[in-house]
Amino acid sequence: MPTSSASTTDASSKTPAASGGVQSLERAFDLLERMADAGGEVGLSELSAASGLPLPTIHRLMRTLVACGYVRQQPNRRYSLGPRLIRLGESASRLLGTWARPYLARLVEETGETANMALLDGDEIVYVAQVPSKHSMRMFTEVGRRVLPHSTGVGKALLAHTPADEVRALLARTGMPAATEKTITTPEGFLEALEQVRRAGYAVDDNEQEIGVRCLAVSVPNSPTAAAISISGPAGRVTEAVTESFVPILKNVADELSVALANQSPA
């Protein structure tokens with residue numbers, strides 16, 4: 001899975017003087033993000049090795065998080081993310097979709113096709129916002145719908161820069177069922193598709209999730225959580241010929257959305 005920004009920062013280096021924040025809060029959230037990166041369940045020694053924090057400090061923080069319901073201690077003494085995080089995540093996803101909607105509306109205005117925003121949630125893609133096309137023949141994806149990454153343009157865009165071994169591990173967990181006869185169903189084929197995304201700078205779902213539907217997608221750079229936007233429509237309209245004009249629009253909107261999301265939080 002893609003590694004969060006917290007994973008690249010040693011928690012022991014975060015201090016109130018450096019960030020203007022409260023050190024214990026910064027450390028607690030850093031541990032939660034490291035747990036998410038590790039698949040949701042870890043041991044104290046793993047957290048200590050990853051964060052650089054001493055075991056007694058981690059133990060105190062985890063005890064507090066357990067008491068608040070944000071972490072659970074398993075019978076095997078390992079710790080897992082707790083159920084109270086679900087409500088926070090769902091609320092944050094709804095807000096993210098609300099913030100994105102004006103940008104998706106611009107995509108619809110400039111391309112004429114349905115615009116979507118999706119996140120990588122664990123091993124799945126979840127759609128958090130959509131603005132439909134004004135055409136009578138148009139694509140609908142229910143907000144909240146979950147799909148597997150290997151058959152979607154947004155999935156390719158979100159995983160394009162993930163290390164190959166992590167992609168293989170994800171595919172091993174989810175399997176690669178064929179949604180259509182054009183769905184990529186082998187890890188090697190999917191990794192080759194990701195290489196094409198890296199070369200081109202955008203992803204394509206060409207009848208792979210649904211026959212007759214073509215989708216173009218790009219990731220949202222520097223998003224607080226891994227996110228991608230896309231346009232989708234009938235394959236007869238979203239053709240190779242229009243791709244050259246649609247992709248720059250997608251990238252421009254993604255860049256503007258990235259700035260808007262960054263500005264939602266005070267520095």
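Residues numbered from 1 in each chain as written. Predicted model: local features only at pLDDT ≥ 70, side-chain atom pairs only at ≥ 80, totals over all residues. Heavy atoms only, no water.

### Topic: the overall build of the protein chain
When helices and strands are tallied, the protein chain shows nine helices and nine strands. Buried positions account for 42% of the 267 residues belonging to the protein chain. Looking at the protein chain alone, contacts between residues at least 24 apart form 57% of all its contacts between residues at least 6 apart. Only carbon and sulfur atoms are counted for the fraction: they give 54% of the accessible area of the protein chain, which is about 13,400 Å². (Helix = DSSP H or I, 4+ residues; strand = E, 2+ residues; numbered from the N terminus. Buried < 20%, exposed > 50% of the residue type's maximum accessible area, 1.4 Å probe, protein only. Contact = heavy atoms within 4.5 Å. Areas by Shrake-Rupley, 256 points an atom, 1.4 Å probe, with all protein chains shown as cover.)

### Let's talk about the sheet that holds strand S8 (residues 213-219)
The strand order across the open sheet formed by six strands is S6-S5-S4-S9-S8-S7, and the pairing between neighbours is antiparallel. Both edges of this open sheet fall to strand S6 (146-147) and strand S7 (203-206), since each of them pairs with a single strand only. The pairing of S7 with S8 spans four bridges and is classified as antiparallel. From the neighbouring strand, Asp 206 faces S8, where its bridge partner is Arg 214. (Pairing = 2+ DSSP bridges.)

### As for the environment of Glu 46
Tracing the backbone shows Glu 46 in helix H3 (residues 44-51). On the accessibility criterion, Glu 46 (37% relative accessible area) is partly exposed. With 12 residues separating them in the primary sequence, Glu 46 and Arg 34 have C-alpha atoms 9.7 Å apart. Here the side chain of Glu 46 touches Arg 78 through a polar contact of 2.5 Å, side chain to side chain. (Polar contact = N/O pair within 3.5 Å; in protein donor to acceptor, adjacent residues only side chain to side chain.)

### Observations concerning the confidence of the model for the protein chain
When pLDDT is averaged along the protein chain, the result is 85, and 86% of the positions lie at 70 or above. Contacts for the low-pLDDT stretch residues 1-18, under 50 throughout, to residues beyond four places or in other chains number 46 contacts. (pLDDT = per-residue confidence, 0-100.)

### Description of H3
Taken together, the buried positions of H3 are Leu 44, Leu 47, Ser 48 and Ser 51. Down the axis of H3, the sector holding all buried residues measures 100°, keeping them to one side. When the buried face of H3 is taken as reference, the exposed residues oriented beyond 90 degrees from it are Ser 45 and Ala 49. Here the buried face of H3 lies against helix H2 (23-37), strand S1 (41-42), helix H4 (55-68) and strand S3 (79-81). (Arc of directions from axis to C-beta.)

### Here we look at the packing of H3 against H4
Viewed as axis vectors pointing N to C, H3 and H4 meet at an angle of 115°, and their least axial separation amounts to 9 Å. In this structure, H3 meets H4 at a crossing whose hand is right-handed. Contacts between H3 and H4 pair Leu 44, Ser 45, Leu 47, Ser 48 and Ser 51 from the former with Leu 55, Ile 58, His 59 and Met 62 from the latter. For the contact of H3 with H4, a count of residues per class yields five nonpolar, four polar and no charged. (Axes fitted to C-alpha atoms, helices over the stretch in contact; angles between N-to-C directions. Left-handed = near helix turned anticlockwise from the far one by under 90°. Nonpolar A, V, L, I, M, F, W, Y, C, P; charged D, E, K, R; others polar.)

### Brief notes about the packing of helix H7 (residues 164-174) against helix H8 (residues 187-200)
Between H7 and H8, the shortest axis-to-axis distance is 10 Å and the interhelical angle comes to 135°. It follows that H7 is oblique to H8 by the angle criterion. Every pair of crossing elements has a handedness; the one defined by H7 and H8 is right-handed. Side by side, H7 and H8 meet where Ala 164, Val 167, Arg 168 and Leu 171 of the first sit next to Pro 187, Glu 188, Phe 190, Leu 191 and Leu 194 of the second. Grouping the amino acids of the contact of H7 with H8 by side-chain chemistry returns seven nonpolar, no polar and two charged. (Parallel < 35°, antiparallel > 145°, perpendicular 65-115°, else oblique.)

### Thoughts on the pattern of salt bridges
What the rule picks out here adds up to 17 salt bridges. Where Glu 256 meets Arg 106, a salt bridge forms, and the shortest distance between an N and an O atom there is 2.4 Å. Here the residue Glu 256 occupies a position in helix H9 (residues 240-262), and Arg 106 occupies one in helix H5 (residues 84-111), the gap between them amounting to 150 residues. Using a relative accessible area of 33% as the deciding quantity, one classes Glu 256 as partly exposed. According to the relative accessible area criterion, Arg 106 is partly exposed, its value standing at 26%. A salt bridge links Arg 198 to Glu 195; the shortest N-O distance between them is 2.7 Å. (Salt bridge = Lys/Arg side-chain N within 4 Å of Asp/Glu carboxyl O.)

### Notes on the environment of Pro 248
As for its placement among the helices and strands, Pro 248 is situated in helix H9. Between the C-alpha atoms of Pro 248 and Gly 201, which are 47 residues apart in sequence, the distance is 10.0 Å.

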